[in-house]
Amino acid sequence: MFKYTCLNPISQVGLEKFTGNFSKTDDIKDAQGVLVRSASMHDMEMPEGLLAIARAGAGVNNIPLDDCAKKGIVVFNTPGANANGVKELVIAGMLLASRDVVGGINWVESAKSEADIAKMAEKEKKKFAGTEIQDKKLGIIGLGAIGVRVANVAKHLGMEVYGYDPYISVDAAWNLSRDIKHVLDINEIYEQCDIITIHVPLMDSTKNTINKEAISKMKDGVIILNFARDLLVEETAVLEAIKSGKVRKYVSDFPNPTTAGQEGCIVIPHLGASTEESEDNCAKMAVKELMNYLENGNIVNSVNYPNCDMGVCTNAGRIAIMHKNVANMISRFTGIFGDLNLNISDLTNKSKGEYAYTMLDLDDPATDEIVKKLEAVDGVIRVRVVK
Ligand code: MLT
């Protein structure tokens, strides 16, 4: 029996997927699994028994990934599960920035007690007129689950779409419309596009991707959309560029003191993935990942350990080892089994950056002796008897 805890409210539709082998606890100290949305885990003490964290969402900047890896805690996210929700709001953001719908609604509110509001509207409306998005050039930085969906729908809306992603996955490439112009140099996006939207994860290397220099290369009157994370954009530079007329509108899904209420900024309270459907989808995927890892040792959609899937164990025993990605680890593991005259019936080893994961299926049940010997190997972080 495994215990899990939720650090944020998680959709019931997802929690209902837990089988009878799992029960909920309110104390993280008792939990092997954690489900989290936006709660920051950076200053949280990770209990020793904690094996996995599943983030019901895509961004994982609220979780200390490397610290978790060092402690043998696997962190999962739910790529694509909320992509449709975000995509729909990106399209809404693009329309709100192109036509001054917000200004128009505010004007109606301010004139609501005027008896001749209908006549006044016909006179005032030119202040809020805008442009259409058809035939405009849309530049998409990052073609993951969200970027690809935005690209495809924008193409259907008659836009000319430019996509930039040096790390595009095979899956994403398969899903991308062939009409999207594949850009190899990000500057081409900056120089050519009327509307630019960013869809990359926030990491040290992606902070301030859209900075003062990038903005200086953009067309006059460009619209910038940010539904990924605020720190991806140097927002003080955006405000200056709004004042100078370089940037027409900045649409952000991340309110903060820099942009909230500022002229030219349309700021939304992080609603991209806050739909019923997205929350259900993320919770279902997160629960599935957590169960699969805790019950079978399989890693699917981890952000700090390699993916590794050996299915359900049909052998007598299964051991999972989290270790440093260094030379000679496998020979040392297999040597231990050889010395004990134990047969390994199946073995998978995968690595991701500094960390690696080895799963071994055994003809005999795992013993404490095997575990102790494996734990003693230099570079081993954690040994789990899965079965
Ligand atoms: C995500 O990272 O998945 C979205 O920003 C939504 C969220 O943070 O929950």
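Every value quoted in this text rests on a predicted model; they were computed, and no experiment measured them.

## Observations concerning the nonpolar core
Part 1: The biggest cluster of nonpolar side chains holds 34 residues, and the ones touching the most others in it are Phe18, Leu35, Tyr293 and Tyr357.
Part 2: Those elements giving two or more residues to this core turn out to be strand S1 (2-6), strand S4 (52-55), strand S5 (74-76), helix H11 (276-296), strand S13 (317-324) and strand S15 (355-362).
Part 3: When residues in this core are grouped by element, the largest group, eight residues, is from H11.
Part 4: Residue assignment places this core across two domains, with domain 1 (1-82 + 274-305) and domain 3 (308-387) each supplying three or more.

## A closer look at the site of the ligand
Part 1: Around the ligand, the surrounding shell consists of Arg55, Gly57, Ala58, Gly59, Asn82, Arg229, His270 and Ala273.
Part 2: Interatomic distance of 2.6 Å between a side-chain N/O atom of Arg55 and an oxygen atom of the ligand.
Part 3: Between an oxygen atom of the ligand and a side-chain N or O atom of Asn82, the distance comes to 2.8 Å.
Part 4: Considering the ligand on its own, with 260 Å² of exposed area, one finds that the protein chains cover 86% of that surface.
Part 5: Class assignment for the residues of the shell around the ligand results in two nonpolar, four polar and two charged.

## Thoughts on unusual backbone geometry
Part 1: Its identity as a non-glycine residue notwithstanding, His270 has a phi of 50°, on the positive side.
Part 2: Within the fold, His270 resides in the loop between strand S12 (265-267) and H11.
Part 3: What makes His270 partly exposed here is its relative accessible area of 37%.
Part 4: The phi torsion at Asn328 lies on the positive side, around 75°, for a residue other than glycine.
Part 5: Mapped onto the elements of the fold, Asn328 is located in the loop between S13 and helix H12 (329-339).
Part 6: What makes Asn328 exposed here is its relative accessible area of 53%.

About the criteria used
Residues numbered from 1 in each chain as written. Predicted model: local features only at pLDDT ≥ 70, side-chain atom pairs only at ≥ 80, totals over all residues. Heavy atoms only, no water. Core = buried A, V, L, I, M, F, W, Y, C linked by side-chain atoms within 4.5 Å. Buried < 20%, exposed > 50% of the residue type's maximum accessible area, 1.4 Å probe, protein only. Helix = DSSP H or I, 4+ residues; strand = E, 2+ residues; numbered from the N terminus. Domains from an automatic or database assignment. Near = heavy atom within 4 Å. Polar contact = N/O pair within 3.5 Å; in protein donor to acceptor, adjacent residues only side chain to side chain. Areas by Shrake-Rupley, 256 points an atom, 1.4 Å probe, with all protein chains shown as cover. Nonpolar A, V, L, I, M, F, W, Y, C, P; charged D, E, K, R; others polar.

Coordinates in, geometry out; function isn't part of it.
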